[in-house]
Amino acid sequence: MTRRNKLVCLLILMVLALVACRTVPQPAPQAELPTAIKLGIGEPKAISIDGSTLLVVRTLEEKNEGWLVATDGSTSKKIFEFTSTTFNAAFSPDGKYLAWATDTMWLANADGSEQRSLFASEAGIGPLTWSPSGQEIAFVESDSINITDLDGQKRTIAEAPESVRRLGWSTSPQGDERVFFNSFPAEAPAFVGSMTPEGADRRRLAEAEFFAVKGEQLFLSDPFEQGRLWVVNATDGSEPRVLVTTQVQDFTPRPGSSGQVVVLRQTGELQYELWLVSVVGDMQQQLTKGSPVIAPLWSPDGRSLYYGAFDLEATEEIADPFEVMKIELP
């Protein structure tokens, strides 16, 4: 064997040795999704202030049912039925009451007892929200924003802000109470605004479609447009900061000081997933995959997340194909 051939063979052996010893790159392991627990059929609509009870709506062929379901899965009971196409509900912040609205505004104790009608409306009753004191309820009727006390005495605070689909009533860290609303004018972009509970000092805060208030922050989204999620100053709409650029369909800020928000993303034609997003930085954690989901709802302490998941194995005999799911988060 010539010297040249020996050098060629040596080079070939060196290359083969390097290839054999080289570590083949492995794909990064996908983080495991949190374990989800089933709590029964339906869609979660509201949660009690102590976090022990969910109000769940089950959709049947000829009627809908409201159920109180223990968040530990131990008990459940039906407390009302309705046939209206609209439905809104919330527990009072003092933990005493549950209010819900269809074509009638109803009030009951938090355990569903002592139900009474406050008033009825031929036009239907839209979104509602409790005052921070738990003594009044803001609601939408005939495209006007109104407030009722617990005896059904109501007053109008804003006439015809077109097509209001969400209300919020909060107290700022400085102690100022504001009623927040969104509006969908027929010939102009949707916007979010606020005013005092007396209807004064009305402010237009941002062009956006949906919102949620948390302390001094106002979270905004435009699912019908770009699908963004961003945050601004709740007082005047200043200092906008985009958190998610596309795919956002719904969201809910996490209670507490974690600085996180759960985002419902549309990731396919019929695919909706939940993600946990940090308000500061770029942390994102996928929470669900597979079944389409709706209606994310936090426990008041921010440790549990509830949502409705479509049962892909549901048969035609099951009127409501959604199941209430619960996941625990650190």
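Here the structure is shown first, and the text comes after it.
Residues numbered from 1 in each chain as written. Predicted model: local features only at pLDDT ≥ 70, side-chain atom pairs only at ≥ 80, totals over all residues. Heavy atoms only, no water.

A.B. asks: Looking at this structure, I do not really get the overall build of the protein. What am I missing?
C.D. replies: What the protein contains, in helices and strands, is one helix and 28 strands. Burial analysis of the protein (330 residues in total) assigns 48% to the buried set. A total accessible area of about 17,400 Å² is found for the protein, and carbon and sulfur atoms account for 51% of it. (Helix = DSSP H or I, 4+ residues; strand = E, 2+ residues; numbered from the N terminus. Buried < 20%, exposed > 50% of the residue type's maximum accessible area, 1.4 Å probe, protein only. Areas by Shrake-Rupley, 256 points an atom, 1.4 Å probe, with all protein chains shown as cover.)

A.B. asks: Before we go on, may I ask you to explain unusual backbone geometry in this structure?
C.D. replies: Look at E114: it is not a glycine, yet its phi comes out positive at around 55 degrees. By secondary structure assignment, the location of E114 is in the loop between strand 8 (104-109) and strand 9 (116-120). A positive phi angle, near 55 degrees, is found at S142, a position not held by glycine. Looking at the element boundaries, S142 is found in the loop between strand 11 (136-141) and strand 12 (144-149). Judged by relative accessible area, which is 52%, S142 ranks as exposed.

A.B. asks: Please explain the sheet that holds strand 6 (residues 88-91) as it appears in this structure.
C.D. replies: In a beta sheet, neighbouring strands are held together by backbone hydrogen bonds and run either parallel or antiparallel to one another. The strand order across the open sheet formed by four strands is 6-7-8-9, and the pairing between neighbours is antiparallel. Edge positions in the sheet fall to strand 6 and strand 9, since each has one partner strand and no second. Across the sheet, the mean angle separating the axes of adjacent strands is 15 degrees when strand polarity is ignored. Bridge count for strand 7 (residues 97-101) against strand 8 is five bridges, and the pairing is antiparallel. Counted as the bridge partner of A99 is L107 from strand 8. (Pairing = 2+ DSSP bridges. Axes fitted to C-alpha atoms, helices over the stretch in contact; angles between N-to-C directions.)

A.B. asks: Looking at this model, I keep getting lost on the pairing of strand 22 (residues 248-253). Mind explaining?
C.D. replies: Where a strand is regular, its side chains alternate between the two sheet faces. Judged from the five bridges that link them, strand 22 and strand 23 (residues 260-268) form a sheet pairing that is antiparallel. Within strand 23, the position partnered with P253 by the bridge is V261. With antiparallel pairing between neighbouring strands as the criterion, strand 22 and strand 23 make up a hairpin whose turn holds six residues, including G256 at a positive phi of roughly 95 degrees.

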